[in-house]
Amino acid sequence: HRDLHYPLRRQRQMCIRDRFIVGLALKNLFRYRRRTLITALAIAAGVAMYIFIDGWLQGAEMESVRNLVKYETGSARVMHQSFWDDHEFLLPKYSIDNPRAVMSALSEAGYSVTPRINVWADVYTTGGQAESVTMQLVGIDVTTDDRVFALEGTIPDGNGKFISAGQPEIVLGSDVADRLEVKPGGTVQISTKTKDGVWTGMQVRVTGILFTPDPIVNNSMGFVPLHVLQSVLQMPGRVTDVVVGFPEWKNPDKEDAAIAGILAGIDGADAYTVKNYNELASEFGMIVQSKSAGTKVLLFLIFIIAAIGVSNTMLMAVYERFREIGMMRAMGMKDRSIIVSFFIEAMGIGIVGAAIGVTLGVLADFYMVNVGIDLSYFINDMGNIGYRITGISRSAWNPGTILQAGIFSIVFSGLVAIFPARRALKKQITDCLRVK
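These figures come from a predicted structure and were not determined experimentally.

Visitor: For the overall build of the chain, give the residues involved together with the corresponding values.
Guide: Within the chain, the secondary structure is distributed over 16 helices and eleven strands. Carbon and sulfur atoms provide 59% of the accessible area of the chain, an area that totals close to 22,100 Å².

This is the structure:
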């Protein structure tokens, strides 16, 4: 009969012990409320900063990708392999000879496409009031460019109008126009090289000034009608790029493979390559990775500071309770139970800190997602900071990061309490009882 009731008594004893340990930890947690609150606020600062910076960086990256695709690179590009190999020089001699066949095949497959020519050019005003500017000159098909890009809607009121097909006209990025000191209605002289490497030039009228959300476009690009540039470069019927558009949520690497498969049956397709926006703007990806890594290190240091605060608090609590610990051990309480008590107490501090930090972080994210911060003056002074954003910068929601920050701070707070508790348990019971 006793054997049947032993497991039940054992289970009851364990429940009583567990309740005692939890109750003791909670009692000690609120014994020194000011110290607990100060330590919790240190944890909260780290959690809130982590959530805020991570959301801000993610928002900047998402906005940069959108601007990159809509104004600068498109989703993907079909190019001659040699043009891509030397893409830093934008050499028009490596061109696509049959852009109509490429565009027709991709259009039938459901892709949005538009042809372009990209070359480097020196631009200066005909009056000579300002120094010349080296920029990326882009020839665009005015009738199809808006299928992939959104440039036409970026000319503010009073800054002119977009270019017309077949006319010797140009629209300039806002920073390029400022350096040239030119306004809509003025004229500029363009000097560039033909496909044969011979210097040539043309005079065009500035019809509008672009102010896009992409600072690269504003700072270093100008756009002329495709047929005008083809004539100047002696490239009738040829282009350097066929730009492809597809939704941002699609996997760009899979789309590259699909596009390459569609082009496989076209004459001369063996000489072409397909590159998505991640490859076309690889320096952007590198900058984002380096900045993200630096931010992670900064946030790790913040958590280290919070950990030191928790560890210091628990160390003080342990030294103040030496006699109490010795008494509990003398009465038969196991060392493991004492460590669990301190672990729960430290986790309680982590819970308070995590609750405050997550609340502050979510409130900051809510403001940044819906309102944001105007960084236009800062970005103009700093120049190209890597991200493709101008004006208002917004954050993005990241529930995974919020949950991760809260859980990590709670568990981490409990773990850092184990070391000081173990130090106290290394003392003999009699030594603990002698401590005054």
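Visitor: Please set out the pattern of salt bridges residue by residue, giving values where relevant.
Guide: For the coordinates displayed, the defined rule picks out seven salt bridges. Of the charged contacts in the structure, one is a salt bridge between aspartate 241 and arginine 77, with a shortest N-O distance of 3.4 Å. Taken as a pair, aspartate 241 in strand 8 (residues 241-245) and arginine 77 in strand 1 (residues 76-80) lie far apart in primary sequence, 164 residues in all. A salt bridge links glutamate 279 to lysine 275; its shortest N-O distance comes to 3.8 Å.

Visitor: Give a detailed account of a nonpolar patch on the surface, specifying residues and quantitative values.
Guide: A cluster of nonpolar side chains, contributed by Leu403, Ile407, Val411 and Leu415, occupies part of the molecular surface with about 360 Å² of accessible area. Note on placement: leucine 403 falls in helix 14 (residues 399-416).

Visitor: Summarise the environment of lysine 27; cite the residues concerned and give the values.
Guide: Along the chain, lysine 27 falls in helix 1 (residues 2-29). As for lysine 27 and glutamate 345, which are separated by 318 residues in sequence, their C-alpha atoms are 8.7 Å apart.

Visitor: Could you give an account of the packing of aromatic side chains, with specific residues and numbers?
Guide: Given two aromatic rings, one states the distance between the centres and the angle between the planes to describe the pair. If you walk through the whole model with that rule in mind, you get two aromatic pairs. Ring geometry for phenylalanine 52 versus tryptophan 56: centroids 5.4 Å apart, planes at 55 degrees, classification tilted. Highlighted residues: phenylalanine 52 and tryptophan 56, both in helix 2 (residues 33-72), separated by four residues, approximately one helical turn. The class for tryptophan 56 is partly exposed, based on a relative accessible area of 25%. With 5.1 Å between their ring centres and 15 degrees between their planes, phenylalanine 408 and phenylalanine 412 make a pair best called stacked. Here phenylalanine 412 and phenylalanine 408 lie together in helix 14, a separation of four residues that amounts to about one turn. On the basis of relative accessibility, which here comes to 39%, the residue phenylalanine 408 falls in the partly exposed class. The lysine or arginine in question, arginine 116, covers the ring of phenylalanine 149, its NZ or CZ lying 3.6 Å from the ring centre.

Visitor: Describe the pairing of strand 5 (residues 187-193), and please don't skip the residues or the numbers.
Guide: Of all seven residues making up strand 5, five are buried, and the element is well covered by its neighbours. By the bridge criterion, seven bridges tie strand 5 to strand 6 (residues 199-210) in an arrangement that is antiparallel. Looking across to strand 6, one finds that serine 191 is bridged to glycine 201. Linking strand 5 back to strand 6 in an antiparallel pair, the connection comprises five residues, with glycine 197 at a positive phi of about 85 degrees.

Visitor: Could you give an account of the nonpolar core, naming the residues involved and the relevant values?
Guide: Grouped together as the largest cluster of nonpolar side chains are 45 residues, with contacts concentrated most on Val78, Leu106, Leu137, Ile170 and Ile259. Sequence-distant contacts of leucine 137, defined by excluding residues within four places in its chain, comprise Ile117, Asn118, Val119, Ala121, Ile170, Ile190, Met202, Gly222, Val224 and Leu229. Counting 24 residues, the second largest nonpolar core, distinct from the first, contains Ala40, Ile43, Ile338 and Ala346.

Visitor: Which residues make up the environment of asparagine 312, and what values do they have?
Guide: Here asparagine 312 is to be found in helix 10 (residues 282-320). The partly exposed category is assigned to asparagine 312, whose relative accessible area is 42%. Between the C-alpha atoms of asparagine 312 and valine 416, which are 104 residues apart in sequence, the distance is 9.4 Å.

Visitor: Before we move on, can you summarise the layout of surface pockets with the specific residues and values?
Guide: Within this model, the largest pocket holds a volume of roughly 510 Å³. Elements with a contribution of two residues or more to the lining of the largest pocket: strand 1, helix 3 (81-85), strand 2 (112-125), helix 6 (215-220), helix 9 (277-280) and helix 10. Considered class by class, the residues forming the lining of the largest pocket number eight nonpolar, seven polar and seven charged.

Visitor: Describe helix 14, and please don't skip the residues or the numbers.
Guide: For helix 14, with 18 residues, the first-to-last C-alpha span of 26 Å sits near the 26 Å given by 1.5 Å per residue. Looking only at helix 14, the buried set comprises Thr401, Ile402, Ala405, Gly406, Ser409, Ile410, Ser413, Gly414 and Val416.

Visitor: Give me helix 8 (residues 252-263): which residues, what numbers.
Guide: Along its twelve residues, helix 8 runs 16 Å from first to last C-alpha, staying within 8% of the 16 Å computed at 1.5 Å per residue. On its buried face, helix 8 sits against strand 1, helix 4 (99-108), strand 8, strand 9 (272-276) and helix 9. One side-chain oxygen of the residue at the start of helix 8 lies 2.9 Å from the amide nitrogen of aspartate 253, identifying that residue as asparagine 251.

Visitor: I'd like a rundown of the packing of helix 12 (residues 335-370) against helix 15 (residues 418-425), residues and numbers included.
Guide: Interaxial distance between helix 12 and helix 15 falls to 9 Å at its minimum, and their mutual angle equals 145 degrees. Judged by the sense of rotation from one axis to the other, the crossing of helix 12 with helix 15 is right-handed. Only Ile418, Ala421, Arg422 and Leu425 of helix 15 make contact with helix 12, whose side of the interface consists of Asp335, Ile338, Ile339, Phe342 and Phe343. Taken together, the residues of the contact of helix 12 with helix 15 sort by class into seven nonpolar, no polar and two charged.

Visitor: Can you explain the packing of helix 2 against helix 14? Please cite residues and give values.
Guide: Angle between the axes and distance between the axes: these two values describe a pair of packed helices. Orientation of helix 2 relative to helix 14, taken along the N-to-C sense of each, is 155 degrees, at an axis distance of 10 Å. It follows from the interaxial angle that helix 2 and helix 14 lie roughly antiparallel. Regarding helix 2 and helix 14, the two cross each other, and that crossing is right-handed. From helix 2, Ile43, Val47, Tyr50, Ile51 and Asp54 reach across to helix 14, where they touch Thr401, Ile402, Gln404, Ala405, Ser409 and Ser413.

Visitor: I'd like to hear about the side chain of threonine 194, residue by residue, with values.
Guide: The residue threonine 194 is located in the loop between strand 5 and strand 6 in this model. The residues touching threonine 194, leaving out its near neighbours within four places in the chain, are Pro92, Thr200, Val232, Leu233 and Gln234.

Visitor: Before we move on, could you go through a positive patch on the surface and cite the residues and values that matter?
Guide: A grouping of Arg422, Arg423, Lys426 and Lys427 is seen on the molecular surface, where their side chains present a positively charged patch. Among the structural elements, arginine 423 can be located in helix 15.

Visitor: Give me the side chain of asparagine 276: which residues, what numbers.
Guide: In this fold, asparagine 276 is placed in strand 9. A polar contact of 2.9 Å, which involves the side chain of asparagine 276, links it to the backbone nitrogen of asparagine 278.

Reading the values: rules and limits
Residue indices begin from 1 for each chain and proceed along its sequence in written order. Per-residue local features of the predicted model are confined to residues with pLDDT of at least 70, and side-chain atom pairs are confined, for both listing and counting, to 80 or more; whole-chain, interface and lining totals are unaffected and use all residues. Computation of side-chain values: all heavy atoms of the structure, hydrogens and water removed. Segments assigned H or I by DSSP are reported as helices when at least four residues long, segments assigned E as strands when at least two residues long, and all are numbered from the N terminus. All accessible areas in this document rest on Shrake-Rupley with a 1.4 Å probe, and a residue is counted as covered only by the protein chains that are shown. A pair is scored as a salt bridge if a Lys or Arg side-chain nitrogen falls within 4 Å of a carboxyl oxygen belonging to Asp or Glu. A patch is a set of surface residues, each over 30% in relative accessible area and not in a salt bridge, joined within 9 Å for like charges and within 5 Å for the nonpolar side chains Val, Leu, Ile, Met, Phe, Trp and Tyr. Think of it this way: a Phe, Tyr or Trp ring, Trp meaning its six-membered ring, pairs with another when their centres are within 6.5 Å, and the plane angle makes it stacked under 30 degrees, edge-to-face over 60, tilted otherwise. Only protein chains enter the area calculation, which uses a 1.4 Å probe; residues under 20% of their type maximum are buried, those over 50% are exposed, and those in between are partly exposed. In this scheme, Lys NZ or Arg CZ marks a charge over a ring once it lies within 6 Å of the ring centre and within 35 degrees of the ring normal. When DSSP finds two or more bridges between a pair of strands, those strands are recorded as paired. Nonpolar cores are built from buried Ala, Val, Leu, Ile, Met, Phe, Trp, Tyr and Cys residues. Side-chain atoms within 4.5 Å join them into one set. Between two residues, a contact is recorded if the distance between any of their heavy atoms is within 4.5 Å. Buriedness of a pocket was judged along seven lines, with at least five required to meet protein on both sides within 12 Å; pockets are open sets of points on a 1 Å grid over the protein atoms alone, cavities are sets where a 1.4 Å probe fits but cannot get out, and lining residues have an atom within 4 Å of a point. Grid points are joined across faces, edges and corners, and a volume is the space filled by probe spheres set on the points. Throughout this entry, Asp, Glu, Lys and Arg are counted as charged residues, while Ala, Val, Leu, Ile, Met, Phe, Trp, Tyr, Cys and Pro are counted as nonpolar. The remaining residues, Gly among them, count as polar. Residue count minus one, scaled by 1.5 Å, sets the expected span of a helix. Two N or O atoms form a polar contact when they lie within 3.5 Å of each other; inside protein one atom must be a possible hydrogen donor and the other a possible acceptor, and for residues adjacent in sequence the pair counts only when both atoms belong to side chains. Interaxial angles span 0 to 180 degrees and are taken between N-to-C directions of axes, which are lines fitted to C-alpha atoms, for helices over the stretch in contact. Crossings are assigned a handedness: left-handed for a near helix turned anticlockwise from the far helix by less than a right angle, right-handed for a clockwise turn. Should an angle lie under 35 degrees it is considered roughly parallel, over 145 roughly antiparallel, and from 65 to 115 roughly perpendicular; all remaining angles are considered oblique. This count recognises Lys and Arg as positive and Asp and Glu as negative, with His and chain-terminal groups excluded. Throughout, a charge is located at the NZ atom of Lys, the CZ atom of Arg, the CG atom of Asp or the CD atom of Glu.

Shape descriptors only; they carry no functional weight alone.
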